[in-house]
Each structure stands twice: as C-alpha cells, then as structure tokens.
Amino acid sequence: MSNSTYNKMWVDTHEDLEYLLKQEINAQVAKPQTDRVIIFQMLVTFYVKYVQIFRSMEVLYDQIVHPQKRRVIHHVLDGVMGRILELKNEMVKLEFSEYHYCDDVLQDLKLTPEDLEIPIPGYFVKDRLKVLKIRQNILEQILAEASLPVEQKKVVKVLTLEEAIQIIQISERARQGRLRAKFMLEIRMQEEKDRLSKYRAASTLAPEIAATRIQKMWRGYTGRKIAKKERAEEMIFIEMAPPPNFEQLSPAHLQAQKTVLQRHVVQEVHEVEYQEALITLKEQVRAVEGMDIKETLQDQIRQWFIECRNTTGRFPNFPDAEKGGSAAIFATKTPEEVLQEFVTQGEKKKKKKEKKDKNGKKKKKKKGKANKEVEEDGWKIAESHFLPTIKEGQNTFEATWKNRNEDTNFSQKYVAELIKEEKRKEVEEEIRVQVDELMRQELKNLKLAVDRDKGSKKKGGKKKKAKKGKKKKKEKDLTLHRTINSLYEELIREGLLIRPRNVRLSDFIGEYNYLGTTLRQTDIEPMPSLSDVRQLISLYGILPLGSQAVHEKAPLVKSLLLAGPSGVGKKMLVHALCTETGANLFNLSPHNTAGKYPGKIGLKMMIHMVFKVARMLQPSVVWIDNAEKVFYKKVPKMEKELEPKRLKKSFPQILKSIKAEDRVLIVGTSRRPFDAELKTFCRGFQKIVLIPRPDYTSRFVLWRNFIQQNGGILTRSLDLSSLAKVTDGYTQGHLSQAAKYILTEQRIKQLHTKPLTAVEFITPLARLDPVFKEEEETFKDWYAKTPLGKKRAKAAKEQGSDKGKEKGKKGKKEKKKGKKKK
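Note that this is a predicted model, so its numbers are computed, not measured. (Residues numbered from 1 in each chain as written. Predicted model: local features only at pLDDT ≥ 70, side-chain atom pairs only at ≥ 80, totals over all residues. Heavy atoms only, no water.)

Enquirer: Could you give an account of the overall build of the chain, naming the residues involved and the relevant values?
Expert: A tally of regular secondary structure across the chain gives 29 helices and 6 strands. In the chain, which comprises 822 residues, the share counted as buried stands at 37%. Taking the intrachain contacts of the chain between residues at least 6 apart in sequence as the baseline, contacts between residues at least 24 apart amount to 84%. (Helix = DSSP H or I, 4+ residues; strand = E, 2+ residues; numbered from the N terminus. Buried < 20%, exposed > 50% of the residue type's maximum accessible area, 1.4 Å probe, protein only. Contact = heavy atoms within 4.5 Å.)

Enquirer: Could you give an account of the sheet that holds strand β6 (residues 687–690), naming the residues involved and the relevant values?
Expert: Here 6 strands make up an open sheet; going across it, the order is β1-β3-β4-β5-β2-β6 and the pairing mixed. The sheet is open, and its two borders are formed by β1 (497–498) and β6, each paired with just one other strand. Looking at chain direction, strand β2 (residues 559–563) and β6 are connected through 4 bridges and run parallel. Pairing of A563 across the sheet is with L690, part of β6. Packed on one face of the sheet, helix α20 (residues 599–616) meets β3 (584–587), β4 (620–625) and β5 (664–670) and runs near 125° to β5. (Pairing = 2+ DSSP bridges. Axes fitted to C-alpha atoms, helices over the stretch in contact; angles between N-to-C directions.)

Enquirer: How would you sum up unusual backbone geometry? Please name residues and give values.
Expert: Here the residue pair Q618 and P619 is connected by a cis peptide bond, since its omega of 5° sits within 30 degrees of zero. Position of P619 among the secondary structure elements: in the loop between α20 and β4. Of note, N626 is a non-glycine position whose phi angle comes to about 50°, a positive value. Position of N626 among the secondary structure elements: in the loop between β4 and α21 (651–657). For N626, a relative accessible area of 15% gives the class buried.

Enquirer: So, the nonpolar core: which residues are in play, and what are the values?
Expert: Core analysis: the biggest nonpolar cluster contains 127 residues, and Y47, Y50, F611 and I666 have the highest contact counts within it. Counting residues per element, this core draws most heavily on helix α2 (residues 36–63), at 14 residues. With 21 residues, the next largest nonpolar core counts F706, A724, A738 and L743 among its residues. (Core = buried A, V, L, I, M, F, W, Y, C linked by side-chain atoms within 4.5 Å.)

Enquirer: Go over the pattern of salt bridges, please, and point to the residues and values.
Expert: For side chains bearing opposite charge, pairing can occur when the charged atoms are close. Considering all chains together, one arrives at 30 salt bridges under this definition. Put simply, K69 and E406 hold a salt bridge, and the shortest N to O gap is 2.5 Å. Placement of the pair is K69 in helix α3 (residues 67–95) and E406 in the loop between α11 (387–401) and α12 (416–450), with a sequence separation of 337 residues. The same class applies to K69 and to E406, which are both buried. A salt bridge links R482 to E490, with the nearest nitrogen and oxygen atoms 2.7 Å apart. By relative accessible area, which is 34% here, R482 ends up partly exposed. Salt bridges here are not isolated pairs; linked through shared partners, they connect K282, R286, K423, E426 and E430. (Salt bridge = Lys/Arg side-chain N within 4 Å of Asp/Glu carboxyl O.)

Enquirer: Can you tell me about the packing of aromatic side chains, naming the residues and giving the values?
Expert: For the structure on display, the rule yields 13 aromatic pairs. Where F681 meets F685, the ring centres are 5.6 Å apart and the plane angle is 80°; that geometry is what we call edge-to-face. Assigned by exposure class, F681 and F685 land together as buried. Counting every residue linked through ring pairs, the aromatic cluster contains F631, F651, F681, F685 and W782. A cation sits over an aromatic face here: R70 above Y61, 4.2 Å from the ring centre. Directly above the ring of W401 sits R404, whose terminal nitrogen or CZ lies 5.6 Å from the centroid. (Phe/Tyr/Trp six-rings, centres within 6.5 Å; stacked < 30°, edge-to-face > 60°. Lys NZ or Arg CZ within 6 Å of the ring centre and 35° of its normal.)

Enquirer: Account for the side chain of H734, naming residues and giving values.
Expert: Checked against the element boundaries, H734 lands in helix α25 (residues 732–742). The exposure class assigned to H734 is buried, which follows from its relative accessible area of 12%. If sequence neighbours within four positions are ignored, H734 has contacts with L765, L768, D769 and P770.

Enquirer: If you had to explain the environment of P694 to someone new, which residues and values would you point to?
Expert: Relative to the elements of secondary structure, P694 occurs in the loop between β6 and α23 (696–709). What makes P694 buried here is its relative accessible area of 1%. The sequence separation of P694 and T727 amounts to 33 residues, and the corresponding C-alpha distance is 10.0 Å. Not counting the four nearest positions on each side in its chain, P694 is found in contact with L530, R699, L702, Y730, T731 and Q732.

Enquirer: I'd like to hear about the pairing of β4, residue by residue, with values.
Expert: With 6 of its 6 residues buried, β4 lies for the most part within the structure. Here β4 shows two buried faces, one formed by S620, V622 and I624 and the other by V621, W623 and D625. Pairing geometry for β3 and β4, over 4 bridges, is parallel. Residue pairing for β4: F586 is matched across the bridge by V622.

Enquirer: Account for the environment of Y488, naming residues and giving values.
Expert: You can see Y488 is positioned in helix α14 (residues 484–493). Taking C-alpha positions, Y488 is 6.7 Å from V613, a pair spaced 125 residues apart along the chain. Ignoring any residue separated from it by four or fewer positions in sequence, one finds Y488 in contact with R135, I138, L139, L497, N584, V613 and L617.

Enquirer: Please provide a residue-by-residue account of helix α9 (residues 251–312), values included.
Expert: For α9, which comprises 62 residues, the first-to-last C-alpha distance of 79 Å sits more than 12% below the rise-based estimate of 92 Å (1.5 Å per residue). A maximum bend of about 60° is found in α9 at E289. Looking at the residues trailing α9, positive phi occurs at G313, about 85°. (Expected span 1.5 Å × (residues − 1). Bend = angle between axes of the 7 residues up to and from the residue.)

Enquirer: Break down α14 for me, citing the residues and quoting the values.
Expert: Every buried residue belonging to α14 is among I484, L487, Y488, L491 and I492, and all of these are buried. For α14, the buried positions fall inside an angular range of 135° around the axis, keeping them on one side. Trailing α14 by a residue or two, G495 shows a phi angle of about 80°, which is positive. (Arc of directions from axis to C-beta.)

Enquirer: Run through the packing of α2 against α3, naming residues and quoting values.
Expert: Relative orientation of the contacting elements α2 and α3 amounts to 155°, with a least axis distance of 9 Å. It follows from the interaxial angle that α2 and α3 lie roughly antiparallel. Taken as a pair, α2 and α3 cross one another with a handedness that is left-handed. Across the contact of α2 with α3, the residue classes break down as 22 nonpolar, 1 polar and 7 charged. (Parallel < 35°, antiparallel > 145°, perpendicular 65-115°, else oblique. Left-handed = near helix turned anticlockwise from the far one by under 90°. Nonpolar A, V, L, I, M, F, W, Y, C, P; charged D, E, K, R; others polar.)

Enquirer: So what's going on with the packing of helix α1 (residues 3–29) against α2? Residues and values would help.
Expert: For the pair α1 and α2, the least separation of the axes is 10 Å and the interaxial angle reads 155°. Taken together, the axes of α1 and α2 lie roughly antiparallel to each other. At the point where α1 passes α2, the crossing takes the left-handed sense. Split into classes, the residues belonging to the contact of α1 with α2 amount to 15 nonpolar, 5 polar and 3 charged.

Enquirer: Account for the side chain of R646, with residues named and values stated.
Expert: Examined against the element boundaries, R646 turns out to sit in the loop between β4 and α21. If sequence neighbours within four positions are ignored, R646 has contacts with T593, K596, Y597, P598, G599 and L603.

Taken by themselves, the reported measurements are silent on function.
Structure follows, in structure tokens:
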C-alpha cells in the first residue's frame, strides 16, 4: 500500500471516530436507562466500534512513515486503548461477568469474531528495543557466569564376576540370534525364487492374452488417477478443499512483506532526521526571534504593572515561579479579575471548611441508600478519563492534517513549519523565565521608589499554616546505598528474576465460543472459550503494561489470577505477557523462594528488592506459580519445610504499595484454586480468569497447528474432525505431547509413502489422564463462589423472580378477561 492509501485510511478512521464521539456525547446527555439489555447493547456497540478503530490506528502507526503524523496517531491510540478498558470495566460491572457474547452486534455491523481480537501495538517493544537488548545481554551474561560447566568425574561401576558373565552371555546370544535370522532370511528368499521360476515355466500365455491383461491393468490405473484428479479439482472449485499451494505465500504477499519491512527502515531514518531537526530549528528560532520575544514579554509585563497600578492604586505582587510566573498573569485575565481573585481567596477557604463539615455528616447517610438511588434514577454512562485525550487528537488532526496539501512532500518527511510553532512556545517559556527574574527586580525597584511608605512585608505567618497536617510516613529504603544494577544482578543470581520464553500471545491458539449467546438465553452459564481468555490477557495485562498513559488513567488492575487444570497454557500466557510488553519476569513462587532470604527480615528484604527493581525497570510482571499454596487452608506435612505461606501476611501491603504510575502486575497461576482460603485468595487477586479445557473447534485448530509445527503433512487420510471429537477432555499440553511423540524424524521421512492417520495419535493419548467433566465442574463451582460469581448468581435469581412476577400478572389478566366473557 502507498502513502496516499494510508492517508486515506487515516481520514476514514477519524471520520468514524468523530461519529462515535458524537454518539458518546448523546449517550451522556440522554435520560438514564433502566433496562439492562438496552444498556448492555449500547456498551457492547461502543466497545466493538472502538476495537475496530484501535485495529485501524495500530496498522496506521505501524506503516505511516511521517514522524509528526505518527505522534498524533500515538496520542489517539493511547486514548482509544484506555476507552476500551473503561467500557470493558462498565460491562463487567453491569453483567457481573468477565466474558461477554455479542453475536447480534457483530451481525448488525457485519463483522466476524476475528474482528474482536485485540491487536498488540508493536511500539510496546520496538520503542524500547535498545534497552531490552542491553538488559537481555546482562541477563545472559550473569546466567552464563552463574552456571559454569563443572567437570564431573565419570564414576565407573565395579562389576562382580557373575554380572560380567551375564552381560557377555546376553551380547553373545544376541549376536548368534542376528546371524541365525540372517541365514534363515536368505534360505526363504532362495525358496521363493525357485517357486517363481517353476511357475513361470509352467504357465506361458499367448502374446495377445498377455497384452490385453497389461492394457486392462494400465487403463484401470490411469482411469483411477484421472478420476482422483477431477474429484480434487471439483472440491477445490466448490471451496471444500484448499488448493495445492494454499500454504505457500504468493509473490504478491512476499512483496507486501518486503514493503512492510522497508517502511520500518524508512520510519527509523525519518525519526532520526526529525530528532535532529528539533534541535537545529529550536536554535534557529531562538537566534532569529529570541530578542523580539524578550522585548514583547517585557512590554506586556510593564503594561500590566501600569494597569494594575491605575485600577488598584498599588503595584501587584509578581507570581512565583512555582505558580507559573508571568504566564499566570496573561492566562486571559484582566487586572480587575486579578484583583477579584485576591479578594475571593479568603472567602473560598472558609466555604471549603464549611462544606467539609457538612459532607462528612451526609456521607454516612448516603452509603446505605446508594444502591436504591441507582435503581430509581437509572443507569448513566460514567465519565471517561480518555475521551478528552481522544478529542484532543481528533482536534489536532482536523486543525493540522485534514486539509493539508502534501503534494510536494512525497517522501513524507517532517514539516519544518509545525516544528517551529512548537519550538517557538518552548523558546518563549525559556525566555519568560529569564524575563521574569528581570521584571521581579524591576518591580521591586518600582515599589521602593513609588510605594516607599507602604510596607512590602505582609502576613508572613500564613505559609506556616499550610504545613500543618499529618505527614505521610515514607517507607524506609533498605537498599539505599546500592545501585539498581547490583540489585538486578543479585536477583538474577538468586533465581528470583528469570528470562521469559520467547512466546507470543498469538501462539495461544483457540476459537471463539459460537454457542455462548444461545446458552445464556437458556440460563446456562457457558465455560469461557480460549479466544475470550486471550482477549482478557490483552485487556488486563498487555495494554496497561505497554502504555504508561493507559496504566495511569485506566481502571487499575494490580493482580491477576489464571486458574485452570494443568496443561491449558497458564505459564505460557505469563511468558507471552512479558514477551509482548518487554516486561521483566520475577518469580516469587513458593517452590522458588523456599530457603532464600530466611526469616522475617530476609522476607522483607526480598520483597523490597523485587518491587524496587520492578518499579525502576518497569514494566514488570511478578509471577506466583501454584498461588493457592500461598493461601493454603492447611499446609500439608510434606510442604511445611518449604514455608509456602511466607507471602500471605505481606500480600495486602504489596498490593497497597502498587500505585497507578507503577506498571507492575502480580500474576498468579493455579491448578487447584479450591485448596486455598476463598476470601483471602479473592482479596489477593483482583481479577480471576478461568481457563477451560479446549472445546471441539479449538481442538480442531490445535491439532492442525501442532501437526504442521512438528513437520507433519495434512492429507485426506487424516480425519482431523474425528480426531478432535475423540480427544474431548485432553488439554493443549496433551495434544502437543502426542504430536511430538508420533512425528519423529523417521516418521516424517515416511509421510510421502505412508500418510498420517488419526489412529496413530490415540495410542500416546491413551497413556495420559484427560480432564474429566467432574474436574471441570469443580472449577466452575469454585468460580461461582468468588465475589463476581456470587454477584452473577444473585443477578440471575433477581431476573428469574422478575420474569415470574410478569408471568403471574399476565395470568391474572387472562383470568379476569375469561370471567368477563362468561
């Protein structure tokens, strides 16, 4: 695609965004809604549309080469990502569920479930590539030093005489057996040759009969071959089978991939040029316009002195540098307004104190009636922290880029005029600081000369009153005299900071639940699909960790629990979370912390070091494997020495210490969450994601992927549909093991002569224990006991009772009508 195509795509996306913003404004102004179905439909529609805009913006940011346009797109991207998270939070509060099904909205908008996939912006890692490479090199170097190869002496086992004789007998008998087998094979082959020679001598056919038999065999073979070819062509024509070169990339596709890579190179070149231009053009503006700016600022401030003197009868006080200096004076305020501000400051303070006293009394009364008021008044869309960001980006686009003629800028390099406009403001602010110092001195001299009889020092004790109040206790830095690099190295050597595997979120394969809406309509809560799980990891983990602006304003998620049976991909998702965001991975699992930093002081030091490094080198993920062990109901005797509950008491303090500006996420994984104390476990983990065993559609896709990954070839003899049906209950780990076990090097060599069949994969799976329905039900029952699960069940009961009342009312009305007729 060319630059003009992407520019047109950018214009179209902003038009859709403008229309969506108008819809949001109308929804905020509209009357409060009471119907939950209408509210959910509105939220889902906004959510789906924002996801489409997000997908378009991500492609534009990845492919547009103009450095200034990319900054506008980046700003809008942060706003759109944050708005998606806000809408998701509203949907969870409304439905009391992390999983939502919006088939009707997708159908109305003519979209597919794939269009709901949350894209992961490439700049999460690309913008920090140099830092990540340096950090990775340090990590590899320390790991290499820590695990130096040690020469191990080979231990030679001394055999007894009986054992030595037994080994010699076994090898000798095996040698004799091989020779005997070889001799017998030669005898059988000779006998077969003799038999065939006698048969040929006895049965001699006439040349005509022999020719007809050969013709018959050949014609049958060619007929079957032609029929097979025609059937294959017919299946391809009706799109029931893929074409032969379907998996191979076409030349056009390869060329498109090259173009994408070339555009990335051009982006880097243009970015370097842009950064150089920022410095050179700023100096140019300072040299050319600096003196004029200085003179105009001085004239404006002097004029303000005179106007204030004329209106108030005295010279004003010059604002401090902390309050903005002279910039605060000219923030569209007249001298009269400045005087009024001074007068009303005292009155505002008194009013604030009175309001605080009144509000303190009213709050207690309002808490109990809050839920009733919501029900009576209806639901209204909450205020957004990200809509102003989106509007700002939209306004910048319309004011600067929408109608700009770029016929002369074919290479899409920076626009010098725009840089000068930005740098002119910066230069003005820098010169303003210098001018303010001069004008303060000038004002001081004027006051001494004109206002000598008036005291300049007034009410000096006011500043001390502002200092009153409770001082926040600052946490003691236990490693004050140590550098971050030394702490980083120590954590690596202790095994608390590990290297994440290079796994992408797209490697977590799974399909959308196409029966979700149908099951919910029949009051059956469906198990979440793997596609839903992948989406939640993107929303709660990747997007907030990847963007500082999103993390600070979006609904804060401090901890996340991934619960599910073993083999469903919990650890893989943790590693994918780190790979997609370039995050550090800290391992605070009970089995990993056992024996490290013993005692209370040691535990305190370990937690301090981990979270100090995590904050300084954010984004970071703190992983707790087997998280249920930290919150055990009762510690088993076998695990008492490991002290699995070490972190339990300090866990609430850890969560409190994580602020909005800290891109740190605690991720727990658990295969037996029902072994933990439910209340403390749910308090520790803010969001709980239940990962089920794969359903039929997911197993079908997984089998196809695993077989191809391990070098297998898909043919008609391999019935993937039946294989996916038969392997119900087996997890992704089981399927992967079976594929690796069957597709050995020897088996791959035989694929052209002996194609794969579904029966081959059954044998290795028969040795593994699947996830039975009883185990899945225990996970489902446990999730229903969590706070969100209880709210969901309560809401379902209320809806059921409302439906029953409506049916009762209808029945009474029908009875009354029947009596009247009689």
